[in-house]
Amino acid sequence: MAGIVRRAVLGHMRAPVVQKSLSLHGSKKLLHNPIFFRSMSSHGDDHLTKQEVIDRVLSVIKDFPKVDPSKVTADVHFQKDLGLDSLDNVELVMALEEEFKLEIPDLEADKIDSCKVAIEYIYNHPMAG
């Protein structure tokens with residue numbers, strides 16, 4: 001629980017990045033320009049686009065050792081179309097968690113049985129990066 005709260009708080013913090021001093025004609029000035037602020041949030045403009053999610057999910061699936069990359073599409077089912085078993089499914093979900101730097105709860109991970117479901121879940125996840 002503490003990890004979830006920590007990630008949520010850190011995901012919304014803004015950390016100022018300020019150059020200590022800048023010499024302009026011999027004088028030192030602090031820079032307080034918005035250019036020097038870096039957003040740490042995974043929301044807003046830096047949220048992944050649907051196409052980015054699709055491309056990265058398909059790449060993870062294609063790189064899985066037991067998968068024929070030529071069979072992978074955005075609509076493919078892991079077990080029915082790719083012949084993967086439940087353990088392979090767990091390993092794929094773990095690979096997706098690593099790729100997108102997020103934690104998928106077991107109850108949700110059990111529902112991810114196709115590229116389509118994985119893409120929708122990750123695209124709608126606020127912490128996917």
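See the structure above.
None of these values were measured; they are calculated from a predicted model.

The rules behind these values
- Residues numbered from 1 in each chain as written.
- Predicted model: local features only at pLDDT ≥ 70, side-chain atom pairs only at ≥ 80, totals over all residues.
- Heavy atoms only, no water.
- Helix = DSSP H or I, 4+ residues; strand = E, 2+ residues; numbered from the N terminus.
- Expected span 1.5 Å × (residues − 1).
- Buried < 20%, exposed > 50% of the residue type's maximum accessible area, 1.4 Å probe, protein only.
- Arc of directions from axis to C-beta.
- Core = buried A, V, L, I, M, F, W, Y, C linked by side-chain atoms within 4.5 Å.
- Contact = heavy atoms within 4.5 Å.
- Salt bridge = Lys/Arg side-chain N within 4 Å of Asp/Glu carboxyl O.

Asker: Requested: an account of helix α2 (residues 50-63), with residues and values cited.
Answerer: Across its 14 residues, α2 extends 20 Å between first and last C-alpha, which sits within 8% of the 20 Å expected from 1.5 Å per residue. Residues of α2 that are buried: Val-53, Ile-54, Val-57, Leu-58, Val-60 and Ile-61. An end-on view of α2 places all buried positions within 160° of arc, on one side of the element.

Asker: Would you mind going over the nonpolar core in detail, with residue names and values included?
Answerer: Val-57, Ile-61, Phe-78, Leu-82, Phe-100, Cys-115 and Ile-122 are the most contacted members of the largest nonpolar core, which totals 28 residues. Of all the secondary structure elements, the ones that give two or more residues to this core are α2, α3 (86-100) and α5 (115-124). Those residues in contact with Val-57 that sit more than four places away from it in its chain are Leu-96, Phe-100, Cys-115, Ala-118, Ile-119 and Ile-122.

Asker: Which residues make up the pattern of salt bridges, and what values do they have?
Answerer: Counted under the stated rule, the structure contains four salt bridges. In this structure, Arg-56 engages Glu-99 in a salt bridge whose closest nitrogen and oxygen atoms are separated by 2.8 Å. One end of the pair, Arg-56, is in helix α2; the other, Glu-99, is in helix α3, with 43 residues separating them in the sequence. Judged by its relative accessible area of 23%, Arg-56 is partly exposed. Assessed through its relative accessible area of 29%, Glu-99 is described here as partly exposed. Across the salt bridge formed by Glu-108 and Lys-111, the nearest N and O atoms sit 3.6 Å from each other.

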